[in-house]
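Summary of the model geometry
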Amino acid sequence: MPRLAIKICGLSTPDTVGAAMRADATHLGFVHFPKSPRHVEADQLRALAAPVPTHIDRVAVLVDPTDETLALLAATNALTAFQLHGKESPARVAAIRQRFDMPVWKAISVKTSADIEAAKAYTGAADLLLFDAKTPEGAALPGGMGLRFDWTLLRGVPISLPWGLSGGLGIDNVAEAIRITGAPMIDVSSGVESAPGIKSVDKIMAFCKAAQPS
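In short, a report on the structure. (Residues numbered from 1 in each chain as written. Predicted model: local features only at pLDDT ≥ 70, side-chain atom pairs only at ≥ 80, totals over all residues. Heavy atoms only, no water.)

1. Quick look at the environment of Cys9
Looking at where Cys9 falls in the secondary structure, it is placed in the loop between β1 (5-8) and α1 (14-22). For Cys9, a relative accessible area of 7% gives the class buried. C-alpha of Cys9 to C-alpha of Asp115: the two residues are 106 residues apart in sequence and 23 Å apart in space. With residues near it in sequence (within four places) discarded, Cys9 still touches Gly29, Val31, Val61, Asp187, Val188, Ser189 and Lys199. (Helix = DSSP H or I, 4+ residues; strand = E, 2+ residues; numbered from the N terminus. Buried < 20%, exposed > 50% of the residue type's maximum accessible area, 1.4 Å probe, protein only. Contact = heavy atoms within 4.5 Å.)

2. A word on helix α2 (residues 42-49)
Within the sequence span of α2, burial applies to Ala42, Leu45, Leu48 and Ala49. Viewed end-on, α2 has its buried residues packed into an arc of 125°, placing them on one side of the element. Among the exposed residues of α2, those oriented more than 90 degrees off its buried face are Asp43 and Ala47. On its buried face, α2 sits against α1, β2 (27-31), β3 (57-62) and α3 (67-74). (Arc of directions from axis to C-beta.)

From the geometry alone we can't say anything about function, so treat these as descriptive.
As structure tokens, then:
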């Protein structure tokens, strides 16, 4: 059975980056979106990613980024993927992937089964789909709000791309989420925080342990 991939997202301090590495996270996420309490600038991102070994992926999380923003982050040479969390179309995702020659993930906001069906449009454009809970209309943030969707919507659904599960995951429910969905990757942000934007070393360690019980 392949190893579960775990992404700790919204990291912004050296100690929490270190905790994610010690906890055997496979992916580290860095948010570059000024409205987010987890936002880091390009130079911060470069410094945070500097000690991360090459076998751990470093993902920039962005919302409808311009090419200029993408170029600024690509120039850090610190990243292994872009994660797009806005209203980017399949054509836009494909264009970013081609221009920057980097894997591109697309977050899919889910409320109903129709949202999962619509994600098929990104086949051939994105490298990975991340199914997240749809935020309320007019919300300031497209994710990272601790919301979850009905995980049974993913049960038995054939998904043509590598994919992951996000939204409302925490120490107490991650094992259930994996059991229900069969997700090969899980992505957590607010579920390992002590306050919005403030990651907890202890919660990071506990989450990774709960996701991969020995």
